[in-house]
Amino acid sequence: MDILLLKTIKNLGEIGSKVSVKSGYARNFLIPTNQAVLPTKANLAKVEEQKQELLKLEEELKDKAVAQKEQFNDYILSFDVNIQEEDKLFGSITLQNIMDKLKADGFDLQKKQVNLPSGPIKTLKDDYIVTISLHSDVSVTIPIKLIKNTEMPKNIAPDLTEELDDKKVSDQASETES
C-alpha cells in the first residue's frame, strides 16, 4: 500500500515522501496516528503546501531532543545490588527498574523511548548500557553502574536461620525418640 508521510520515520522515509508499506501497518498505525495519509491528488497538494511547516515543526522537535540530550551528559545510572555466588544478582534489573530510577532523578520519559539492549541485568559486570531515543535522529547512551551491596538481604537471612533452627529441632526430636 502506498502512503504519503507526514513525519520523518526512521528506516521508512522523510516528510512528504511516498513510500510503500504493508497495508496493516498503514491502516492500523500510520494513518490513525496522523503520521501518514493516502496519496490522493488533494493530499499530495496539501502535503506540498504544508511541507515547510511540517519540516519546521520536525526541526523544532529535533532541537528540543538535542537540548534534552545535553541533560544526560556525564549522567550514570547506578544501582545498589545484592550479590549471590559467582556474581549473580538477587533478582534482576529490568527496564521498569531503570524507568523508576530515571523518574526519581527527574527525567520525564516514556517507556517506549528507553531500550535495554542486553535485556534484564542478572550478573555483576561493568559494561551495561541503556539507550534512550529522544527523537528519530537523536539518541543517547547511558552507562549503568552496579554497586555491590555487602549487606545480606534482610528478607533472606532470617529465612535461612529459621530453616536451620527447624532442622536442628527436628534432628533433636528424632534423637530423643530413639
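Every value quoted in this text rests on a predicted model; they were computed, and no experiment measured them. (Residues numbered from 1 in each chain as written. Predicted model: local features only at pLDDT ≥ 70, side-chain atom pairs only at ≥ 80, totals over all residues. Heavy atoms only, no water.)

Per-residue confidence for the chain gives a mean pLDDT of 82, with 84% of residues at or over 70. Within the chain, helix α4 (residues 157–177) has the poorest average pLDDT of any element, 52, and helix α1 (residues 23–30) the best, 94. (pLDDT = per-residue confidence, 0-100. Helix = DSSP H or I, 4+ residues; strand = E, 2+ residues; numbered from the N terminus.)

This part is about the pattern of salt bridges. Within this structure, the stated rule accounts for one salt bridge. Here Lys 62 ties to Asp 137 by a salt bridge, and the two come within 3.8 Å at their closest N and O atoms. One end of the pair, Lys 62, is in helix α2 (residues 41–71); the other, Asp 137, is in the loop between β8 (128–133) and β9 (139–149), with 75 residues separating them in the sequence. Classification of Lys 62 as partly exposed rests on a relative accessible area of 28%. Looking at Asp 137, the relative accessible area reads 52%, which means it is exposed. (Salt bridge = Lys/Arg side-chain N within 4 Å of Asp/Glu carboxyl O. Buried < 20%, exposed > 50% of the residue type's maximum accessible area, 1.4 Å probe, protein only.)

Phi angles above zero are rare outside glycine, and Asn 34 is one such case at about 55°. Following the sequence through the fold, Asn 34 ends up in the loop between α1 and β3 (36–37). Phi angles above zero are rare outside glycine, and Asp 74 is one such case at about 60°. Examined against the element boundaries, Asp 74 turns out to sit in the loop between α2 and β4 (77–82).

Backbone-to-backbone hydrogen bonds pair the strands of a sheet. The strands run either parallel or antiparallel. Overall, antiparallel pairing links the three strands, which are arranged β2-β1-β3 in an open sheet. At either margin of the open sheet sits one strand with a lone partner, and together these are β2 (18–20) and β3. Sheet analysis places strand β1 (residues 2–5) next to β2, joined by three bridges and oriented antiparallel. Looking at β2, one finds that Ile 3 is bridged to Val 19. (Pairing = 2+ DSSP bridges.)

Among the structural elements, His 135 can be located in the loop between β8 and β9. Residue class for His 135 comes out buried when judged on its relative accessible area of 13%. Excluding its chain neighbours within four sequence positions, the residues that come into contact with His 135 are Glu 58, Leu 61, Lys 62 and Ala 65. (Contact = heavy atoms within 4.5 Å.)

Our focus in this paragraph is the nonpolar core. Counting 27 residues, the largest nonpolar core has Phe 72, Ile 98, Leu 102 and Ile 144 as the members making the most contacts within it. What Ile 144 contacts, discounting residues up to four positions off in sequence, is Leu 77, Phe 79, Ile 98, Leu 116, Ile 121, Asp 126, Tyr 128, Ile 129 and Val 130. Within the second largest apolar cluster, eight residues are counted, among which are Ile 3, Ile 9, Ala 26 and Leu 30. (Core = buried A, V, L, I, M, F, W, Y, C linked by side-chain atoms within 4.5 Å.)

Taken as a whole, the largest pocket encloses approximately 830 Å³ of empty space. Around the largest pocket sit 22 residues that line it, and Lys 112, Ser 133, Leu 134, His 135 and Ser 136 are the ones nearest its centre. For the lining of the largest pocket, the elements supplying multiple residues, two or more each, are α1 and α2. Top element by residues in the lining of the largest pocket is α2. It accounts for five residues. (1 Å grid on protein atoms, 1.4 Å probe; cavity = no way out; pocket = protein on both sides within 12 Å on 5 of 7 lines; lining within 4 Å. Points joined across faces, edges and corners; volume = space filled by probe spheres on them.)

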